[in-house]
Amino acid sequence: MKQLLDLDTFSKDLSDKGYNGYFHTQSAYPGKLKDSISEYLEASHNGTKKPNRHELFLLSTYLQWNGDDKPRIECNMWIRHKNGIFDVQKMDIERTDRYGQLLKKSELTNLSTGSVPTLKEAVAQVSEDPKQHISSQKRGFKM
């Protein structure tokens, strides 16, 4: 059975899993998780933002950012919002190089807030495997 979560519980659950950075809701409304969603909902309620017919909205964040000249990991979550209740439906995790070219992608579907992976697990899904180091010494017989 799915647990029904209000905004406070929803943001606390995601924060406990390590998602405590800054977010964009529907590609706008930057801020911490609760603040970003609250601003989006207020704009939807006031009529400045057209409400979504499918009761889903996009929540985006960086899971790993080491500067403009390094690869980065971005996470997009599709959140269902109905009658003040929030739940994660789908999650895309993408690792891109410094130019925005996709290096690796992971797509998780049929999720709930309880089944969302922790931040470390999500990063591990798209991280590189460590490369083996080849010895620089010449191999062979010495005389």
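Calculation rules
Residue indices begin from 1 for each chain and proceed along its sequence in written order. Predicted model: local features are reported for residues with pLDDT of at least 70 only, side-chain atom pairs are reported and counted for 80 or more only, and whole-chain, interface and lining totals are derived from all residues. The side-chain figures draw on all heavy atoms in the structure; neither hydrogens nor water molecules are used. Helix numbers and strand numbers start at the N terminus; a helix is a DSSP run of H or I with at least 4 residues, a strand a run of E with at least 2. Burial status follows relative accessibility: with a 1.4 Å probe on protein chains alone, a residue under 20% of its type maximum counts as buried, one over 50% as exposed, and anything between as partly exposed. Note that His is not counted, nor are the chain ends; the positive residues are Lys and Arg, and the negative ones are Asp and Glu. A pairing counts as a salt bridge when a side-chain nitrogen of Lys or Arg comes within 4 Å of a carboxyl oxygen of Asp or Glu. Between N or O atoms, a polar contact is any pair within 3.5 Å; within protein, one atom must be a potential hydrogen donor and the other a potential acceptor, and residues adjacent in sequence are included only when both atoms are from side chains. The contact definition used throughout considers only heavy atoms, calling two residues in contact when any of these lie within 4.5 Å.

Caption draft 1: A look at the side chain of Arg 72. Mapped onto the elements of the fold, Arg 72 is located in strand S4 (residues 72–82). Buried and unpaired, Arg 72 has Asp 68 as its nearest opposite-charge partner, separated by 5.1 Å. From its side chain, Arg 72 meets the backbone oxygen of Arg 98 in a polar contact 3.3 Å long. In this structure, Arg 72 is in contact with Tyr 62, Gln 64, Trp 65, Gly 67, Glu 94, Arg 95, Thr 96, Asp 97 and Arg 98, ignoring residues within four places of it in sequence.

Caption draft 2: Geometry of the pattern of salt bridges. According to the stated counting rule, one finds five salt bridges in the structure shown. Between Lys 34 and Asp 8 there is a salt bridge whose closest N-O contact spans 2.3 Å. Residue Lys 34 is found in helix H2 (residues 33–46), and its partner Asp 8 is found in helix H1 (residues 7–16); the two are separated by 26 residues along the sequence. Taking the relative accessible area as the measure of exposure, Lys 34 reaches 37% and is therefore partly exposed. Note that Lys 105 and Glu 94 form a salt bridge whose closest N and O atoms lie 3.7 Å from each other. Residue Lys 105 is located in strand S6 (residues 102–108), and its partner Glu 94 is located in strand S5 (residues 85–96); the two are separated by 11 residues in the primary sequence.

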